[in-house]
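# Breakdown of the fold
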Amino acid sequence: QVQLVESGGGLVQPGGSLRLSCAASGNIFSVYAMGWYRQAPGKERELVATMTKDGSTNYADSVKGRFTISRDNARNTVYLQMNSLKPEDTAVYYCNADVFTVVPPQLVNYWGQGTQVTVSS
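Before going into details, it helps to say that this report is about the structure given with it. On a predicted model such as this, the values are computed, not experimentally measured, just so you know.

Reading guide: rules and limits
Residues numbered from 1 in each chain as written. Predicted model: local features only at pLDDT ≥ 70, side-chain atom pairs only at ≥ 80, totals over all residues. Heavy atoms only, no water. Pairing = 2+ DSSP bridges. Helix = DSSP H or I, 4+ residues; strand = E, 2+ residues; numbered from the N terminus. Axes fitted to C-alpha atoms, helices over the stretch in contact; angles between N-to-C directions. Salt bridge = Lys/Arg side-chain N within 4 Å of Asp/Glu carboxyl O. Buried < 20%, exposed > 50% of the residue type's maximum accessible area, 1.4 Å probe, protein only.

Moving on, we come to the sheet that holds strand β7 (residues 67-72). Two strands in a sheet stick together by hydrogen bonds in their backbones, pointing the same way (parallel) or opposite ways (antiparallel). In space, the four strands of this open sheet follow the order β1-β3-β8-β7, with antiparallel pairing throughout. Every other strand in the sheet has two partners, leaving β1 (2-7) and β7 as the edge strands with one partner each. Strand-to-strand twist across the sheet, computed as the mean angle between neighbouring axes with direction ignored, equals 15°. Note: β7 against strand β8 (residues 77-82), six bridges, orientation antiparallel. Bridged to T68 within β8 is Q81.

Here's what the structure looks like:
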């Protein structure tokens with residue numbers, strides 16, 4: 001079993017910043033791509049940012065220049081620094097990871113439980 005545990009969500013005013021963290025633990029041989037997705041009420045889940053193990057990144061156009069994804073491979077942890085937050089960034093943010101498990105040896109995609117980010121004055 002693999003767990004993705006997110007933290008760092010909360011309420012912030014427009015223009016403010018938050019930093020999300022997601023740590024993967026458990027039956028892990030190696031973690032490949034990690035990323036963040038979000039889902040606002042009444043909308044489909046959408047990609048925010050992803051990062052490969054070697055550091056290649058991909059961002060949604062709506063967050064480019066404001067959000068930065070990073071990771072600590074030694075800790076199997078991914079971060080999302082969110083600056084200049086807007087009300088339209090309000091959503092539940094989900095961590096996602098491609099994990100090669102030890103037993104059985106296979107590549108599995110996992111999701112975290114989600115953390116709420118609310119941008120409001």
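More follows now that the structure is in view.
Next up on the list: the pattern of salt bridges. Throughout the structure, instances matching the rule amount to five salt bridges. R38 is the salt-bridge partner of E46, the closest N and O atoms lying 2.7 Å from each other. Relative accessible area serves as the criterion here: at 37%, E46 is assigned to the partly exposed category. Of the residues examined, R38 reaches a relative accessible area of 6% and is grouped as buried. Its salt-bridge partner being R38, residue D89 comes within 3.0 Å of it at the nearest N-O pair. Remark: R38 occurs in strand β4 (residues 28-39) and D89 occurs in the loop between β8 and β9 (91-101); sequence separation between them is 51 residues. Accessibility classification places D89 together with R38 in one group, the buried group. Each of R38, E46, R66 and D89 takes part in salt bridges that share partners, so that together they form one network.

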